[in-house]
Amino acid sequence: MAYAIETQELTRLFKTKSKKGKKEIVKALDHANLKINEGELFGLLGPNGAGKTTLIKILSTLLLPTSGDAWVNGHSVKNEAHKIRKEINMVSGGETSGYGLLTVRENIWMFSQFYGIPSKIAKRRIDELLVTMDLSDKANAKVRTLSTGERQKMNLVRGFVTDPTTIFLDEPTLGLDVNVSRQIRSFIRSWVREQSNKTVLLTTHYMMEADELCDRVAIIDYGKILACDTPNNLKRTVGKDSTIRLEVSHMSQPKRFAQMQGIKNFSYSHDNERTTTTLNFIIEDEAVVSDIMSEIVKNSSKIYSLRKTEPTLEDVFVSLVGRGLK
Amino acid sequence: MAIKAGLKILKNSSWLGWQMESNWTDPFLFAIYSLVKPIAATLLIVVMYIVVTMGQVQGTFFSHMYIGNAFYMYVAQVLFGVSWVVHEDREHYRTLKYVYISPANIYIYLLGRGMTKIFLTTVSVIITIVFGVFVLNIPINVMTIDYPLLFISFILGILCIVGLGIALGGISLLTAKHGGRINEGVAGIFYLFCGVIFPISVLPNWCRSFSLYLPITYWLEAIRRAIFGITIDQATNFIPTSSVISILTVSTILFFILALNIFKIGDYFARKKGLIDMTTAY
Ligand SMILES: Nc1ncnc2c1ncn2[C@@H]1O[C@H](COP(=O)(O)OP(=O)(O)OP(=O)(O)O)[C@@H](O)[C@H]1O
Ligand SMILES: [Mg+2]
């Protein structure tokens, strides 16, 4: 079966001029190979200038590759753009597109008509999506009166109203507040989950977003795909261990935890008033957590908090390129 | 199916064009503006003519110039209108990329956006002509107008002008907003070479041969014949009317094909260079 999205040695160069007027060539994409399955929620994670937007532009038929090729639902971006366009849509975050003199509803409606969506269906979808994006009260407001975040929500509605098989979302939550971002992420998730043949490719440089939302993530830097796997597998490449931190009521003899089975590393500290003790465990297998708990309970100490920290995608990125995401 | 989809796009893009033309002010001001603008433009030409001819606003020559000038409004308005859509959508509204990646046929979209211009220009042309008849005594007799000829040549001319607009739209894809000079250049060429304000018979030989390749030349010739029955341009007035229409038809078709191909080439290079979503800092 064909992939929803496939790229083969995809390369895109840009000619630019440096400050001194010298011609320079930027490799926005450098022999990128990706295979994304139908039904996947796929994330591209990378720092500024990594080539994420460039990839989205090529896949959404806005930009031609310099070499290599890419296919969306089996159609080549080079010479079958017209077939791709019927099946996709794209939304890019952090921009203020839209016809300012139309209302939100009119704007979305017009685009839905360019895709030939029957009136009744379009109307229903617009209403539903406006509710989802919490934008219903702005439905009849002129686009030019919207805030940046509201425009972005409108654009998301514009993207989903055509019910594409594949949707490209370039930083969909950029600049949106926490609640709205969460709402949008949960919408994207259910949109993919509740239908069997929908594919989402989103870019982000929020590692949390990639981690919590995506089935698989590709890490991209300087146009190269450095790694591509599920978030958990990616994190596992950095190290299998997780860190458990417990805050308990004061313990006089915490040292004995070090001798427990399955504990790789143990450290502890007391607070100044000697009312609480903090225990740090590095463990390979989470099964030992229950042993630790029962040991604490036996000691008749109270547990105030338990926190588990795992390696993040940021750690994965650092281990791959030797610098942070930002 | 394809026709239905096309009509949907045409309907919506025409509607959008109408919103843009009419929404910038209240309807009353809009109506006044639509009325005053063509009359003002016409008066300007009339004044220039009076200065040049030292006070003469009578005669066939003046009438022919007047009509040529009135219909030239289509060239200026529609040509600029259609290609301007590219700049407006891309650089101002930032929506061009979303129109572009949609399955909507971009030619139909541009045509739709140009429809309002065609409609408003028609209003202007009618106002200008009515003004000419009643104020300047342009000798037009509604009983003797050759309506079939007027209709056919009008449609062909509009098609030709829309084609030109699309071609310029394709070129606009490759230029930033200040590339508007190309439009002015093209409009200027038609103004000078198509017998708008003076007969092409007064042009030097090589210019006249060039004029005879331009469909707009035949368009204005046919329109004048339909309205006045005769024309004064010795470079074209010996051609039988049926031939004028045939030449106009063939050249319009050729122009249209050429225009679509120019757009396609513009489109290809714009996609290759990443200009479909170009933003400029103005
Ligand atoms: N039209 C262009 N002309 C010249 N260089 C470009 C152009 N578009 C992109 N680039 C360059 O290509 C590289 C990749 O850019 P791209 O926009 O794909 O990055 P990105 O991963 O989306 O970054 P961000 O997180 O900042 O959005 C950058 O170095 C950028 O400067
Ligand atoms: Mg980007």
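Attention here is on the structure that accompanies the text. All of these numbers come straight from a predicted model, not from anything done at the bench. (Residues numbered from 1 in each chain as written. Chains lettered and ligands numbered in written order. Predicted model: local features only at pLDDT ≥ 70, side-chain atom pairs only at ≥ 80, totals over all residues. Heavy atoms only, no water.)

So, on to the packing of helix H8 (residues 231-238) of chain A against helix H10 (residues 313-321) of chain A. All names here are of chain A. Two numbers describe how H8 lies on H10: the axes approach to 9 Å, and their chain directions differ by 55 degrees. What the angle tells us is that H8 and H10 run oblique. When you trace H8 past H10, the crossing you get is left-handed. Here Pro231, Leu234, Lys235, Thr237 and Val238 of H8 come into contact with H10, specifically with Leu313, Asp315, Val316 and Ser319. By residue class, the composition of the contact of H8 with H10 is five nonpolar, two polar and two charged. (Axes fitted to C-alpha atoms, helices over the stretch in contact; angles between N-to-C directions. Helix = DSSP H or I, 4+ residues; strand = E, 2+ residues; numbered from the N terminus. Parallel < 35°, antiparallel > 145°, perpendicular 65-115°, else oblique. Left-handed = near helix turned anticlockwise from the far one by under 90°. Contact = heavy atoms within 4.5 Å. Nonpolar A, V, L, I, M, F, W, Y, C, P; charged D, E, K, R; others polar.)

Residues and elements named next belong to chain A. If you walk across this open sheet you meet the four strands as S2-S1-S4-S5, and the pairing is antiparallel. Across the chains shown, the open sheet's two edge strands, defined by having one partner strand only, are strand S2 (23-36) and strand S5 (75-76). With two bridges connecting them, strand S4 (residues 67-72) and S5 associate as antiparallel partners. Along S5, the bridge assignment pairs Trp71 with Ser76. Together, strand S1 (5-17), S2 and S4 form the strand contacts of helix H1 (residues 52-59), whose direction differs from that of S1 by roughly 115 degrees. (Pairing = 2+ DSSP bridges.)

The next thing to look at is helix H1 (residues 2-22) of chain B. Here H1(B) contains 21 residues, and its C-alpha end-to-end distance of 30 Å stays within 8% of the 30 Å for a straight helix at 1.5 Å per residue. Within H1(B) the residues assigned to the buried category are Gly6(B), Ile9(B), Leu10(B), Asn12(B), Ser13(B), Ser14(B), Leu16(B), Gly17(B), Gln19(B), Met20(B) and Ser22(B). Residues of H1(B) that are buried make contact with helix H3 (104-114) of chain A together with helix H2 (27-53), helix H3 (59-92) and helix H5 (106-135) of chain B. (Expected span 1.5 Å × (residues − 1). Buried < 20%, exposed > 50% of the residue type's maximum accessible area, 1.4 Å probe, protein only.)

Regular strands show a simple pattern: their side chains alternate between the two faces of the sheet. All names here are of chain A. A large share of strand S13 (residues 276-283) lies buried, amounting to seven of its eight residues. Direction of pairing for strand S11 (residues 242-249) relative to S13: antiparallel, over a ladder of eight bridges. By the bridge assignment for S13, Ile244 is matched with Phe281. In this structure, strand S12 (residues 263-270) lies alongside S13, joined through seven bridges in antiparallel fashion.

Glancing now at the nonpolar core. Counting residues in hydrophobic clusters, the biggest one holds 119 residues, and the most contacted among them are Tyr99(A), Phe71(B), Tyr74(B), Phe190(B) and Trp219(B). Counting residues per element, this core draws most heavily on H3(B), at 16 residues. If sequence neighbours within four positions are ignored, Tyr74(B) has contacts with Leu79(B), Ile118(B), Thr121(B), Thr122(B), Val125(B), Phe154(B), Ile158(B), Ile161(B) and Trp219(B). Counting 40 residues, the second largest nonpolar core, distinct from the first, contains Ala139(A), Ile184(A), Phe187(A) and Cys214(A). (Core = buried A, V, L, I, M, F, W, Y, C linked by side-chain atoms within 4.5 Å.)

Interfaces are often described in size by the accessible area the parts lose on coming together. With 38 residues of chain A at the contact, the number on the chain B side is 30 residues. For the pair chain A and chain B, the summed buried area comes to about 2900 Å², and 62% of that belongs to carbon and sulfur atoms. If you sort the residues of chain A by the area they bury against chain B, Leu62(A), Tyr99(A) and Phe114(A) come out on top, with a joint share of 27%. Across the contact surface, chain A and chain B share two salt bridges. Across the pair Glu95(A) and Lys97(B) runs a salt bridge, and its minimum N-O distance is 2.8 Å. Between chain A and chain B we count 16 residue pairs in polar contact (both at pLDDT 80 or more) in total. (Buried area = accessible area lost by both parts, 1.4 Å probe. Salt bridge = Lys/Arg side-chain N within 4 Å of Asp/Glu carboxyl O. Polar contact = N/O pair within 3.5 Å; in protein donor to acceptor, adjacent residues only side chain to side chain.)

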